[in-house]
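Breakdown of the fold
So the chains spell out like this:
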Amino acid sequence: MATETAATFECTNRPPHRFSITGRIRNANGILVTVQRLDEPYPPREIFVTNREMKMGYDDVVKACFVCVDRGAKERAISLPKAEIEAGLPPE
């Protein structure tokens, strides 16, 4: 089941790239999160968050910023709150 939310996130680049989660689907091994860039036109990307990452003792899951990686820049990170990743999904 895919859902939508309006929360925004930034990568650690300066100036930061801004993103929002536009969809999420749970499967047996984790959650497939669709992330859309907000500050410039850019194709949406799907980021897979494993069940193991979701069970770690942190409040956020850190993933590479795909815009920075695509541009060949030094890898930067997007911090996605677990509550936003799971928002609207049925329990495991």
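Above this text sits the structure in question.
Quick look at the structure, then. (Residues numbered from 1 in each chain as written. Predicted model: local features only at pLDDT ≥ 70, side-chain atom pairs only at ≥ 80, totals over all residues. Heavy atoms only, no water.)

Another point: the nonpolar core. Formed by 20 residues in total, the largest nonpolar core has its most connected members in Phe19, Val33, Cys65, Phe66, Ile78 and Ile85. Broken down by secondary-structure element, the contributors of at least two residues to this core are β2 (18-27), β3 (30-37), β4 (45-50), α2 (66-70) and β6 (77-81). Here Val33 is in contact with Ile21, Gly23, Arg24, Arg45, Glu46, Ile47, Val49 and Ile85, once residues within four sequence places are set aside. (Core = buried A, V, L, I, M, F, W, Y, C linked by side-chain atoms within 4.5 Å. Buried < 20%, exposed > 50% of the residue type's maximum accessible area, 1.4 Å probe, protein only. Helix = DSSP H or I, 4+ residues; strand = E, 2+ residues; numbered from the N terminus. Contact = heavy atoms within 4.5 Å.)

Another point: the packing of aromatic side chains. This model, assessed by the stated rule, comprises two aromatic pairs. Measuring from ring centre to ring centre gives 6.0 Å for Tyr42 and Phe66, while their planes differ by 35 degrees; the resulting arrangement is tilted. With Tyr42 in the loop between β3 and β4 and Phe66 in helix α2, this residue pair connects regions lying 24 residues apart in the sequence. For Phe66, a relative accessible area of 9% translates into the label buried. (Phe/Tyr/Trp six-rings, centres within 6.5 Å; stacked < 30°, edge-to-face > 60°.)

Enumeration over the complete set of coordinates arrives at zero disulfides. Summary of cysteine pairing: Cys65 is not part of a disulfide, and the nearest cysteine sulfur, belonging to Cys68, is at 3.7 Å. (Disulfide = S-S within 2.5 Å.)

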